[in-house]
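Overview (structure and organization)
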Amino acid sequence: MDWVDGKQRCCWANPKNERYIRYHDEEWGVPVHDDHKLFEMLVLECFQAGLSWECVLNKREAFREAFDGFDLEAVCDYGEEKMTSLRSNAGIIRNRLKIQAAVTNARTFRAIQEEYGSFAEYLWHWTDGQVVYEKGRTQSELSDRISMDLKRRGMKFVGSTVIYAYLQAVGVIYAHNAGCFLEWDEEKKR
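Below you will find a few notes about this structure. (Residues numbered from 1 in each chain as written. Predicted model: local features only at pLDDT ≥ 70, side-chain atom pairs only at ≥ 80, totals over all residues. Heavy atoms only, no water.)

Attention now moves to the layout of surface pockets. Estimated volume of the largest pocket: approximately 420 Å³. Among the elements that make up the lining of the largest pocket, the one with the highest residue count is helix 10 (residues 160–169) (five residues). Here the residues of the lining of the largest pocket sort into nine nonpolar, six polar and three charged. (1 Å grid on protein atoms, 1.4 Å probe; cavity = no way out; pocket = protein on both sides within 12 Å on 5 of 7 lines; lining within 4 Å. Points joined across faces, edges and corners; volume = space filled by probe spheres on them. Helix = DSSP H or I, 4+ residues; strand = E, 2+ residues; numbered from the N terminus. Nonpolar A, V, L, I, M, F, W, Y, C, P; charged D, E, K, R; others polar.)

Further remarks concern the nonpolar core. Core analysis: the largest hydrophobic core is formed by 58 residues, its most contacted members being Leu38, Phe63, Phe67, Phe119, Leu123 and Ile146. If one sorts the elements of this core by residue count, helix 2 (residues 35–48) sits on top with eight residues. Residues contacting phenylalanine 119, with those up to four places away along its chain left out, are Asp35, Leu38, Phe109, Ile112, Gln113, Met155 and Tyr166. (Core = buried A, V, L, I, M, F, W, Y, C linked by side-chain atoms within 4.5 Å. Buried < 20%, exposed > 50% of the residue type's maximum accessible area, 1.4 Å probe, protein only. Contact = heavy atoms within 4.5 Å.)

Right, let's talk about empty space enclosed by the protein for a bit. Tallied over the full model, the rule gives one cavity of 30 Å³ or more. Considered as a void within the structure, the largest cavity measures approximately 40 Å³ in volume. As for the largest cavity, its lining consists of Phe39, Leu42, Val43, Cys46, Lys98, Ala101, Ala102, Asn105 and Ala106. Elements represented by at least two residues in the lining of the largest cavity include exactly helix 2 and helix 7 (96–116).

A word on the state of the cysteines. Evaluation of the coordinates by the stated rule reveals zero disulfides. Cysteine 10 provides the cysteine sulfur closest to cysteine 11, a residue in no disulfide bond, and the two sulfurs are 6.8 Å apart. Residue cysteine 11 is classed as exposed on the basis of its relative accessible area, which comes to 61%. Here cysteine 180 is not cross-linked by a disulfide; its sulfur's nearest cysteine counterpart is in cysteine 10, at 3.8 Å. Using a relative accessible area of 5% as the deciding quantity, one classes cysteine 180 as buried. (Disulfide = S-S within 2.5 Å.)

It is worth spelling out the environment of valine 75 at this point. Position of valine 75 relative to the elements: it lies in helix 5 (residues 72–76). Taking the C-alpha atoms as reference, valine 75 lies 5.8 Å from valine 103; in sequence the two are 28 residues apart. Beyond its immediate stretch of four places on either side in the chain, valine 75 contacts Phe39, Phe67, Ala102, Val103 and Ala106.

Next up on the list: the packing of aromatic side chains. Following the criterion strictly, the structure yields 15 aromatic pairs and no others. Ring centres of phenylalanine 47 and phenylalanine 67 lie 5.8 Å apart, and the angle between their planes is 70°; this geometry places the pair in the edge-to-face category. Of this pair, phenylalanine 47 sits in helix 2 while phenylalanine 67 sits in the loop between helix 4 (60–66) and helix 5, and the two are 20 residues apart along the sequence. You can call phenylalanine 47 buried: its relative accessible area is 1%. For phenylalanine 67, a relative accessible area of 0% translates into the label buried. (Phe/Tyr/Trp six-rings, centres within 6.5 Å; stacked < 30°, edge-to-face > 60°.)

Time to look at the packing of helix 2 against helix 7. Interaxial distance between helix 2 and helix 7 falls to 10 Å at its minimum, and their mutual angle equals 150°. When the axes of helix 2 and helix 7 are compared, the pair comes out roughly antiparallel. Relative to helix 7, the crossing made by helix 2 is right-handed. Residues Asp35, Leu38, Phe39, Leu42, Val43, Cys46, Phe47 and Gln48 of helix 2 lie in contact with helix 7, whose contacting residues are Lys98, Ile99, Ala102, Asn105, Ala106, Phe109 and Gln113. Tallied by class, the residues present in the contact of helix 2 with helix 7 amount to 10 nonpolar, three polar and two charged. (Axes fitted to C-alpha atoms, helices over the stretch in contact; angles between N-to-C directions. Parallel < 35°, antiparallel > 145°, perpendicular 65-115°, else oblique. Left-handed = near helix turned anticlockwise from the far one by under 90°.)

Rendered as structure tokens:
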């Protein structure tokens, strides 16, 4: 694939979408320890289920506006009136079940914060705070375990494939493709 800047990227990054390029270059795979960002990415990944990430990414700003800047407490307080309003918002994905899941997942996210002190602490405890380096996968034993635990706690749209994509997005799993200018090598891992 020919890139304007000459850098090779992961095969999934659309070279014609500047937003996607910035996401690939600046966000994807960068370790996140901020609960606000972790919540935003969880909501977006859950909406992505069954769709392309590019579709969700292109609607990200509309999602931010619709979901009150991904303010956890605001989303936890959403009632039927707000969810009905979201279902009529043409700027976002208007799936009724995913909108309900965003609210349910927000409440579970908050409960996990209360239990662990932060969602970041919960998420990173699965790897003892270490980044996992692997590529070419869509799920793993790690995503299976986290998915199962989140489902047990009541979250929705958090199957192993969604959680694997989430772990990649927030840098728990570092998975840039072979040939990508951000691909890890053994020296970077140490």
